[in-house]
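Architecture and fold: a report
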Amino acid sequence: MSVRDLFRMAVGGLRENRLRTVLCALSVAVGAAALLLIAALGLMGQQKLAEGIRTLGVSGLTVYVDDRGAGQALSAAVADTMAQAVSGVECAMPIKALSGTVRAGHAGEDVLFLGVDERLGEVMQLDVLAGSLLTRAQAQAAQPVAVVGDDLAQALYGRDNIVGRTIRLRLGGCDQDFTVCGVVHAQTSALGTAVASLAPHLVYIPYGCLATQTQSADQVFVQCLSGADLSAVSGRISRYLTDRVQVDGTVRVQNMSGIAETVNRMAELGVGLFVAVGGVALCVALLGVMSGMLAAAQEKTGEIGVLLAIGAQPRDIRHLFLLQSTLLCAVGGLMGAGGVLALLRAAAVDTPALWLTAALLALCVACGAAAGLLPAVRAARLDPIEAMRK
């Protein structure tokens, strides 16, 4: 039997019971739409989360001290000696944090001031939009300059590039004028509106504006050499600060790169679980297709017997039913994918990647063939004489 004849007979068989065909196609469309929508939104969320973590710019190691006492403090001077004494460390930058406010004209915002130095660009991956980060001269002289996020620039001046503009910072109850030397991509806003509403804007200023070299630092950001074992470097830093420097308190070293990787793995696991839930809906739809094809085979027992009696081969019968179920699922997959694409476009949401839609259609075709396999085998095994009697 030629391919053309098989296709014509398969389409004709689907048209004979249009209600059953439409219901089966709709069930596949619902299952395919659920799977595509869940997969698309899950991958989109995972991508946004990865972008947010990357925008935060924190990598490498961060060192801080719990249960501080009156002994040796984790200071900027200690961070400098640690960078030279501990192998595997490329550079170390102390961080001093202080909350406050910033004003420009009548506009004001709550912010978190971070005291940093010229190594800011080495320990944090920041997207500089205008100007530059702190220079060595500015950091050492504790000049009144600041690096702000583009969200704060918009809030204060209504535009992103405010390099050279003056902002008034309230530090320790005193107002000081600072000049903006650089604008970076906002870090907290990248994690979403809910997080941005809770977290203040970040403003980077010279470390000397908040603390001296010997005063206690809140944290020390450490950038390790390329290829260094972060776990081994963490152990060496902890031993150096505890045994050599004898920092008072409990030294904590966190692998920020490892935390980011853990978050990404958890996101991947969550996407996989949601996709599995969507897959269940598609499996239920395929069971409906299989039931419909079994019913069709039962109804067409006489026709199958006639086809076999006039010379059709059992493989032709198998191909006929497989083609019917494949066409049914392919049409249902197209309907489901089209519905999801239209819904996402109407909601002004990014549509899924082309490869994801193509993979879904290929999955529907493969599942259609699998769903029609049992009815096709049963129909092909019918005895022609017995089939015509029925």
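Residues numbered from 1 in each chain as written. Predicted model: local features only at pLDDT ≥ 70, side-chain atom pairs only at ≥ 80, totals over all residues. Heavy atoms only, no water.

So, the overall build of the chain
Tallying secondary structure elements over the chain gives 14 helices and ten strands in all. In the chain, buried positions account for 41% of the 390 residues. When contacts within the chain are restricted to residue pairs at least 6 apart in sequence, long-range pairs at least 24 apart make up 78% of them. (Helix = DSSP H or I, 4+ residues; strand = E, 2+ residues; numbered from the N terminus. Buried < 20%, exposed > 50% of the residue type's maximum accessible area, 1.4 Å probe, protein only. Contact = heavy atoms within 4.5 Å.)

Quick look at the environment of L171
By secondary structure assignment, the location of L171 is in strand 6 (residues 166–171). Apart from the residues within four sequence positions on either side, L171 is in contact with L98, F113, Q176, F178, I205 and L210.

Topic: a nonpolar patch on the surface
Residues L19, V22, L23, L26, V331 and M335 make up a contiguous nonpolar surface patch of roughly 550 Å² in combined accessible area. Going through the elements one at a time, helix 2 (18–56) and helix 11 (314–346) are the ones with two or more residues in the nonpolar patch. Top contributing element to the nonpolar patch by residue count: helix 2, with four residues. Along the chain, the position of L26 falls in helix 2. Judged by relative accessible area, which is 40%, L26 ranks as partly exposed. (Patch = residues over 30% accessible without salt bridge, like charges linked within 9 Å, V, L, I, M, F, W, Y side chains within 5 Å. Areas by Shrake-Rupley, 256 points an atom, 1.4 Å probe, with all protein chains shown as cover. Salt bridge = Lys/Arg side-chain N within 4 Å of Asp/Glu carboxyl O.)

What about helix 13 (residues 373–380)?
Inspection of helix 13 places P375, A376, A379 and A380 among the buried residues, and these make up the whole buried set. Looking straight down helix 13, one finds its buried side chains confined to an arc of 125°; they lie on one side. (Arc of directions from axis to C-beta.)

Concerning the confidence of the model for the chain
In this model, the chain carries an average pLDDT of 81, and 87% of its residues clear a pLDDT of 70 or more. Segment residues 190–196: pLDDT under 50, and nine contacts once partners within four positions in sequence are set aside and those in other chains are kept. (pLDDT = per-residue confidence, 0-100.)

Observations regarding the nonpolar core
Across soluble globular proteins, nonpolar side chains show a tendency to be buried alongside one another. Judged by nonpolar contacts, the single largest core of 35 residues is most densely connected at V289, I317, F321 and L360. At the level of secondary structure, the elements contributing two or more residues to this core comprise helix 2, helix 9 (256–299), helix 10 (301–309), helix 11, helix 12 (354–371) and helix 13. Ranked by the residues each element gives to this core, the list is headed by helix 2, at nine residues. When neighbours within four sequence positions are excluded, V289 is seen to be in contact with C24, V28, S325, L328, C329 and A371. Formed by 21 residues, the second largest nonpolar core is a distinct cluster that contains V65, L74, A83 and V251. (Core = buried A, V, L, I, M, F, W, Y, C linked by side-chain atoms within 4.5 Å.)

Concerning helix 8 (residues 230–244)
For helix 8, spanning 15 residues, the distance from its first C-alpha to its last is 20 Å, which sits close to the expected 21 Å at 1.5 Å a residue. In this structure D229 caps helix 8, since a side-chain oxygen of it lies 3.1 Å from the backbone nitrogen of S231. Phi for Q246, located one or two positions after helix 8, is positive at around 60°. (Expected span 1.5 Å × (residues − 1). Polar contact = N/O pair within 3.5 Å; in protein donor to acceptor, adjacent residues only side chain to side chain.)

Quick look at the packing of helix 12 against helix 13
Where helix 12 contacts helix 13, the two axes come as close as 4 Å, and the packing angle between them is 35°. On the side of helix 12, the interface is formed by A369, A370 and A371, while helix 13 contributes L373, L374 and P375. Its residues assigned to classes, the contact of helix 12 with helix 13 comprises six nonpolar, no polar and no charged. (Axes fitted to C-alpha atoms, helices over the stretch in contact; angles between N-to-C directions. Nonpolar A, V, L, I, M, F, W, Y, C, P; charged D, E, K, R; others polar.)

Observations concerning the pairing of strand 6
A one-sided burial pattern is seen for strand 6, the buried positions being I167, L169 and L171 and the unburied ones T166, R168 and R170. Relative to strand 6, strand 2 (residues 89–104) is paired through three bridges, and the arrangement is antiparallel. Within the sheet, the bridge partner assigned to V102 lies in strand 6 and is L169. Where strand 6 meets strand 7 (residues 174–184), six bridges bridge the pair, whose relative direction is antiparallel. (Pairing = 2+ DSSP bridges.)

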